[in-house]
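Residue-level structure breakdown
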Amino acid sequence: MTRPPWRERCFMISKVIDWCGKNKFIVSLGMLAVVAWGTWALKTIPLDAIPDISDTQVVVYARWMKSPDILEDQVAYPIVRALSGAPRVKAIRAQSDFGYSYVYVIFDDGTDEYWARSRVLEYLSKIQAELPKGVQVQMGPDATGVGWVYEYALVDKSGKHTLPELKSFQDWNLKYQLQSLPGVAEVASVGGMTKQYQVEVNPNALASYDLTFGQVLDAVRNSNNEVGGRLLDINGAEYMIRGLGYLRGTADLEKVVVGRDRQGTPIFVRDIAQVQIGPEVRRGVAELDGQGEVVGGIVTARYGENALAVIDRVKQRLEELKPSLPDGVEVVPVYDRSDLINRSIHTLTYELIKLAVAVSLVCLLFLWHLPSALVIILTLPLAILMSFVCMKYLGVSSNIMSL
């Protein structure tokens, strides 16, 4: 007589339990192996607070000092047209403003981030010659919309440093110190003023010398250069000849020769323009707690990285850089996701302990049998470790939702 399916399943389960009872040593070794495997997965799985459910996306950034309609027709449209033939592309969106254009390339779900970036780079190389002269095209960082993990501000309570000085320190020192850390995709600077050498041309003086603005532009561009010459052999020693022409300040810029008048007298930049140091045109400001403008940085974590580990590296590097900061300047954290991540871990730990205690009390209350309670207490952490193993190989990060 054929056994019912439920009876067959019960029979198989009883056989498994019977085998485990007779081979306790092998079962114990298997449990230890699962514990070691789960512990390894727990330590290596990417840890974050926010689940990353964004599409696989690559951002293409193009700069050209033209109006939005020209950028849309001559830059954005050729890029969109070329990338529309890339494999596994689901959608392409473009947005143009004065001076820059963004193209968002969205790939099918499950597409590898770096495979998508290599395809975009391949197709961009094909249309580079079709773009107008002077267009600068680059790809955005290898990060997603939830990669914003840390933000800081440089606060000068002594008042010894100006915003351009703090901006220069951020762009040429602190930014690269943090960007070299493992897992950091980009450190974006915000606020402050970018130092700029400004040549304000007097149109009346330009007309009196019969010069054009293009001549002034070419003279300034060509003067800031260094050229190399040949080697001279003198008494068996080689001497290298080179011309040092890099500008070091406004005084050097004022001495640049733009042309000559009818008598052959050189016409300098100072004769037709006023040279000064000023800020670049700004399209926004950064302010902290209503105390005034500050300079800051936004740390973006690389795609698939452990956000908590990246934040810890950034904090450690900032602590190491404290002695090298300008006098009176301190780094003030503005946004730190590690607090949210640690609270998520604390919530999981608390719930597991509460669950284990509740189940143990129920077993003791109804069964009056301590070994049964111990089985539950040991099984729950083991099940959690096995779930981390599954998350590790399925590519699911530890976040608020998965935990």
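All of these numbers come straight from a predicted model, not from anything done at the bench.

1. A closer look at a nonpolar patch on the surface
Together, Trp-19, Phe-25, Ile-26, Val-27, Leu-29, Met-31, Leu-32 and Val-35 give the surface a local cluster of nonpolar side chains, amounting to about 750 Å² of exposed area. Looking at which element gives the most residues to the nonpolar patch, the answer is helix H2 (residues 24-44), with seven residues. Turning to its location among the elements, Val-35 is positioned in helix H2.

2. Some remarks on the layout of surface pockets
Computed from the structure, the largest pocket encloses a volume of approximately 2100 Å³. Forming the boundary of the largest pocket are 50 residues, of which Tyr-61, Arg-63, Tyr-102, Glu-186 and Ser-189 lie nearest the centre. Taken together, the elements giving at least two residues each to the lining of the largest pocket come down to strand S1 (57-63), strand S3 (100-107), helix H4 (113-127), strand S4 (136-139), helix H5 (163-179), strand S6 (184-191) and strand S13 (295-301). The element that contributes the greatest number of residues to the lining of the largest pocket is S6, accounting for seven residues. Looking at the lining of the largest pocket residue by residue, the class counts come to 23 nonpolar, 17 polar and 10 charged.

3. Here's the deal with the nonpolar core
For soluble globular proteins, the rule of thumb is that nonpolar side chains tend to be buried together. If you look at the biggest cluster of nonpolar residues, it comprises 27 residues, and the most contacted ones within it are Tyr-150, Leu-174, Leu-178, Val-299 and Val-314. Contributing elements (two or more residues each) for this core: strand S5 (148-156), H5, S6, S13 and helix H10 (307-320). For this core, the element with the highest residue contribution is H10, accounting for six residues. Contacts of Leu-174, omitting those with residues within four sequence positions, involve Tyr-152, Leu-154, Phe-169, Leu-318 and Leu-321. Counting residues in each nonpolar core, the second largest holds 20 residues, with Ile-79, Phe-107, Leu-131 and Val-135 among its members.

4. Examining the packing of helix H3 (residues 68-83) against H4
Angle between the axes and distance between the axes: these two values describe a pair of packed helices. Axis separation between H3 and H4 bottoms out at 9 Å; the angle between their running directions is 125°. Between H3 and H4, the crossing angle belongs to the class labelled oblique. Handedness of the crossing formed by H3 with H4: right-handed. Where H3 approaches H4, its residues Pro-78, Ile-79, Ala-82 and Leu-83 are matched on the opposing element by Val-120, Tyr-123, Leu-124 and Ile-127. Tallied by class, residues from the contact of H3 with H4 come to eight nonpolar, no polar and no charged.

5. Here we look at the pairing of S1
Of the two faces of S1, only one is covered, namely that formed by Val-58, Val-60 and Ala-62; the face formed by Gln-57, Val-59, Tyr-61 and Arg-63 stays uncovered. Sheet topology places S1 next to S3; seven bridges connect them, and they run antiparallel. Bridge pairing in S3 links Val-59 to Tyr-104. Bridge analysis of S1 against S4 gives four bridges, and the strand direction is antiparallel. Bridged to Ala-62 within S4 is Val-137.

The rules behind these values
Residues numbered from 1 in each chain as written. Predicted model: local features only at pLDDT ≥ 70, side-chain atom pairs only at ≥ 80, totals over all residues. Heavy atoms only, no water. Patch = residues over 30% accessible without salt bridge, like charges linked within 9 Å, V, L, I, M, F, W, Y side chains within 5 Å. Areas by Shrake-Rupley, 256 points an atom, 1.4 Å probe, with all protein chains shown as cover. Salt bridge = Lys/Arg side-chain N within 4 Å of Asp/Glu carboxyl O. Helix = DSSP H or I, 4+ residues; strand = E, 2+ residues; numbered from the N terminus. 1 Å grid on protein atoms, 1.4 Å probe; cavity = no way out; pocket = protein on both sides within 12 Å on 5 of 7 lines; lining within 4 Å. Points joined across faces, edges and corners; volume = space filled by probe spheres on them. Nonpolar A, V, L, I, M, F, W, Y, C, P; charged D, E, K, R; others polar. Core = buried A, V, L, I, M, F, W, Y, C linked by side-chain atoms within 4.5 Å. Buried < 20%, exposed > 50% of the residue type's maximum accessible area, 1.4 Å probe, protein only. Contact = heavy atoms within 4.5 Å. Axes fitted to C-alpha atoms, helices over the stretch in contact; angles between N-to-C directions. Parallel < 35°, antiparallel > 145°, perpendicular 65-115°, else oblique. Left-handed = near helix turned anticlockwise from the far one by under 90°. Pairing = 2+ DSSP bridges.

It is worth stressing that arrangement in space is one thing and function is another; only the former is reported here.
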